[in-house]
Amino acid sequence: QVQLVESGGGLVQAGGSLRLSCAASGRTFSSYGLGWFRQAPGKERESVAAISWFGGSTYYADSVKGRFTISRDNAKNTVYLQMNSLKPEDTAVYYCAATTKAGPWYAPAEEYQYDYWGQGTQVTVSL
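Residues numbered from 1 in each chain as written. Predicted model: local features only at pLDDT ≥ 70, side-chain atom pairs only at ≥ 80, totals over all residues. Heavy atoms only, no water.

Asker: Please provide a residue-by-residue account of the overall build of the chain, values included.
Answerer: Looking only at helices and strands, the chain features zero helices and 11 strands. Relative to a compact globule of 127 residues, whose C-alpha radius of gyration would be 14 Å, the chain shows 13 Å and is just as compact. Dimensions along the principal axes, computed over C-alpha positions, put the chain at roughly 40 × 25 × 25 Å. Considering only residue pairs separated by 6 or more positions, the chain has 60% of its internal contacts joining residues 24 or more positions apart. Working note: accessible area of the chain is about 6,500 Å², and carbon and sulfur atoms make up 48% of it. (Helix = DSSP H or I, 4+ residues; strand = E, 2+ residues; numbered from the N terminus. Rg over C-alpha atoms; globule rule 2.2 N^0.38 Å. Contact = heavy atoms within 4.5 Å. Areas by Shrake-Rupley, 256 points an atom, 1.4 Å probe, with all protein chains shown as cover.)

Asker: Break down unusual backbone geometry for me, citing the residues and quoting the values.
Answerer: Look at Asn77: it is not a glycine, yet its phi comes out positive at around 55°. Here Asn77 shows up in the loop between strand E7 (68-73) and strand E8 (78-83). Although it is not a glycine, Ser85 sits at a positive phi angle of roughly 50°. Here Ser85 is to be found in the loop between E8 and strand E9 (92-99). For Ser85, a relative accessible area of 41% translates into the label partly exposed. (Buried < 20%, exposed > 50% of the residue type's maximum accessible area, 1.4 Å probe, protein only.)

Asker: Before we move on, can you summarise the environment of Asp90 with the specific residues and values?
Answerer: Within the fold, Asp90 resides in the loop between E8 and E9. Given the relative accessible area of 1%, Asp90 is considered buried. Sequence separation of Asp90 and Glu6 is 84 residues, and the distance between their C-alpha atoms is 17 Å. Dropping the residues within four chain positions of it, Asp90 is found in contact with Arg38, Arg67, Phe68, Ser85, Val123 and Val125.

Asker: Mind laying out the packing of aromatic side chains, listing which residues take part and the relevant values?
Answerer: One pass over the full model with this rule turns up five aromatic pairs. Ring centres of Trp53 and Phe54 lie 6.3 Å apart, and the angle between their planes is 70°; on these two criteria the pair is classed as edge-to-face. Cation over ring: Arg45 sits above Tyr95, and NZ or CZ is 4.9 Å from the ring centre. Here Arg45 stacks its cationic end above the ring of Trp117, 3.9 Å away from the centre of that ring. (Phe/Tyr/Trp six-rings, centres within 6.5 Å; stacked < 30°, edge-to-face > 60°. Lys NZ or Arg CZ within 6 Å of the ring centre and 35° of its normal.)

Asker: A description of the sheet that holds E8 should follow, citing residues and the corresponding values.
Answerer: As summarised here, the arrangement of the four strands in space is E1-E3-E8-E7, forming an open sheet in which the pairing is antiparallel. The sheet is open, and its two borders are formed by strand E1 (4-7) and E7, each paired with just one other strand. Taken over all neighbouring pairs, the strand axes of this sheet differ in orientation by 15° on average, direction set aside. Two strands pair when backbone bridges link them, and strand E3 (residues 18-24) and E8 are joined in this way by six bridges, in the antiparallel orientation. Within E8, the residue paired with Leu18 across the bridge is Met83. (Pairing = 2+ DSSP bridges. Axes fitted to C-alpha atoms, helices over the stretch in contact; angles between N-to-C directions.)

So, to be careful, I would describe these as geometric facts and stop short of saying anything about function.
See the structure below:
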């Protein structure tokens, strides 16, 4: 069983930055594929970014490329999402997710590929 706890959400003005963190339990964190997803009010959950076991491969949704950066620290069992140049349309609940089924060089981008989910953290971007 893997438990995921997100933190770092909040209210920020457009153009600002936030860094989300997700702390994971489990002794084999370095063999998890990890991802960040978000769900805005009235919309389906969508993939934002993903990262492979050692960070060698990453995935970003087109809407966040060049603004968001996913990273991980396997020694701390933590995955991060640095969000810069935030826009009001980035407002959503952000979830981190983990999978034990991805290979070491694969950054899973699809929701169905993930086994474990955090509770989410709210990010609100104001004008």
